[in-house]
Amino acid sequence: FVLSIAFIPSMILSTATRVEVTPARKQNYQDTVYCNGEIIEKRVKEIYLDTPVIAEQISVEVGDRVWKGQRLASIDTKLTQTALANGVNATELDYPETAELPADVAALAAQVGLSGTDIQSALNQYQEATTAETQSSKSTFIPNEITAPMNGIVTAINLQTDVLTRTSKPVLVVSDDSAYAARVSVNEADVAKLRVGNTAVITGTGFGDHKYSAVVSKIYPTARKSISGTTQQVVVDVELQIQKADE
């Protein structure tokens, strides 16, 4: 009896369940979302003029880097005033075919069943209206030069040394190359995986082997339909802020 009691502790230990404890370790989880998009300019300054002008000298070309206040072009004020005084105005420049109307009066009259006198009278009224517009534009301020509104890159020039500009178009466009971003379209099923501040990698056919680092800066609140070929999907636009885009 004494011998049996001595073996009881050993029997209990042999039948006990063994538990192995493994310390918890922090591990990173990464989920990748693939999408397509385009590089956009965050800050763009378009220079419009109220009066058509003719440039005397254009000091920059598309792609040139400029600084705020730098002269981009000088205006030939005398030639501009002469052109405006002679009735060459923005309306004629926007619609050059109007200059050919008088030569077609007879043909036009035959087509619509009106007399040539009636159509000529309408053309005269049109000419009087454009002349009044020209006289009004003559009193408008004509700048001596055009300067850069901010630091950046010249991305468009609609200014010439022999032709009046159009008031409907910017004469020059300057873009801030330090504020480029990428706008991508993400499938709506993947949007829930994204958060502002998530990191991203931008690649492109024009970048070669170079990759740009970026972070999610904005997730648009609404979705839209996107059609690519015969495929239609619902996407959400997302903006990525490019890190060190000039490198």
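The rules behind the values
Residues numbered from 1 in each chain as written. Predicted model: local features only at pLDDT ≥ 70, side-chain atom pairs only at ≥ 80, totals over all residues. Heavy atoms only, no water. Helix = DSSP H or I, 4+ residues; strand = E, 2+ residues; numbered from the N terminus. Contact = heavy atoms within 4.5 Å. Areas by Shrake-Rupley, 256 points an atom, 1.4 Å probe, with all protein chains shown as cover. Pairing = 2+ DSSP bridges. Phe/Tyr/Trp six-rings, centres within 6.5 Å; stacked < 30°, edge-to-face > 60°. Lys NZ or Arg CZ within 6 Å of the ring centre and 35° of its normal. Buried < 20%, exposed > 50% of the residue type's maximum accessible area, 1.4 Å probe, protein only. Arc of directions from axis to C-beta. pLDDT = per-residue confidence, 0-100. Axes fitted to C-alpha atoms, helices over the stretch in contact; angles between N-to-C directions. Core = buried A, V, L, I, M, F, W, Y, C linked by side-chain atoms within 4.5 Å. Salt bridge = Lys/Arg side-chain N within 4 Å of Asp/Glu carboxyl O.

Scanning the protein from terminus to terminus reveals five helices and 12 strands. When contacts within the protein are restricted to residue pairs at least 6 apart in sequence, those whose partners lie at least 24 apart make up 70%. Accessible surface, the protein as shown: approximately 17,300 Å² in total, 50% of it carbon and sulfur.

Okay, the sheet that holds strand S4 (residues 65–66) next. The strand order across the open sheet built from four strands is S2-S8-S7-S4, with neighbouring strands paired in antiparallel fashion. A strand with exactly one partner marks an edge of an open sheet, and here the two such strands are strand S2 (44–47) and S4. Bridging between S4 and strand S7 (residues 152–157) involves two bridges; their strand directions are antiparallel. Pairing of Arg 65 across the sheet is with Ile 153, part of S7.

One pass over the full model with this rule turns up zero aromatic pairs. The ring of Tyr 220 carries the charged tip of Lys 218 above its face, separated from the ring centre by 4.6 Å.

Moving on, we come to helix H2 (residues 77–85). All of the buried residues along H2 are Thr 80, Ala 83 and Leu 84. Buried residues of H2, seen end-on, are gathered within an arc of 95° and therefore sit on one face of the element.

Here the focus is the pairing of strand S5 (residues 71–75). Extensive coverage of S5 is indicated by the burial of four of its five residues. Sheet topology places strand S3 (residues 55–58) next to S5; three bridges connect them, and they run antiparallel. Paired with Ile 58 across the strands is Ala 73, a residue of S5. In this sheet, strand S6 (residues 145–147) lies alongside S5 in antiparallel orientation, the contact comprising three bridges. Each bridged residue has a counterpart across the sheet, and for Ser 74 the counterpart in S6 is Glu 145.

Before going further, it helps to spend a moment on the confidence of the model for the protein. Of all residues in the protein, 70% have pLDDT values of 70 or greater, and the mean over the chain is 79. Below pLDDT 50 for its whole length, residues 89–101 participates in 16 contacts with residues either more than four positions away or in separate chains.

With that out of the way, let us pick up the sheet that holds strand S9 (residues 180–187). Judged by pairing direction, the sheet is antiparallel, and its five strands sit side by side in the order S1-S9-S12-S11-S10 without closing on themselves. Of all the strands in the sheet, the pair left with one neighbour each is strand S1 (36–41) and strand S10 (199–202). With strand direction ignored, the average angle separating the axes of adjacent strands in the sheet is 40°. Note: S10 against strand S11 (residues 212–228), four bridges, orientation antiparallel. Residue pairing across strands places Ala 200 opposite Ala 214, the latter belonging to S11.

With that settled, the discussion passes to the nonpolar core. Judged by nonpolar contacts, the single largest core of 22 residues is most densely connected at Val 66, Leu 72, Ile 146, Leu 159, Val 171 and Leu 172. Looking at this core, the elements with two or more residues in it are S5, H2 and strand S8 (172–175). Broken down by element, the residue count for this core peaks at three residues, all from S5. With near-sequence residues (within four places) excluded, Leu 172 lies in contact with Lys 45, Glu 46, Ile 47, Val 60, Leu 72, Ile 146, Val 154, Ala 156 and Ile 157. Core analysis: the second largest hydrophobic core is formed by 14 residues, Ala 200, Tyr 212, Leu 240 and Ile 242 among them.

Inspection of the secondary structure puts Leu 49 in the loop between S2 and S3. According to the relative accessible area criterion, Leu 49 is buried, its value standing at 16%. Along the backbone, Leu 49 and Lys 169 are 120 residues apart, and their C-alpha atoms lie at a distance of 8.7 Å.

Turning our attention to the pattern of salt bridges. Enumeration according to the criterion identifies six salt bridges in this entry. Notably, a salt bridge pairs Asp 31 with Lys 193, separated by 3.6 Å at the nearest N-O pair. Placement of Asp 31 in the loop between helix H1 (2–15) and S1 and of Lys 193 in the loop between S9 and S10 is noted, with a sequence separation of 162 residues between them. A relative accessible area of 42% means that Asp 31 is categorised as partly exposed. For Arg 224, the salt bridge identified is with Asp 237, shortest N-O distance 3.0 Å. Of this pair, Arg 224 sits in strand S11 while Asp 237 is found in strand S12 (residues 231–242), placing the two residues 13 residues apart along the sequence. By relative accessible area, which is 14% here, Asp 237 ends up buried. Among the ionic contacts, a cluster of salt bridges with common partners joins Asp 31, Asp 190 and Lys 193.

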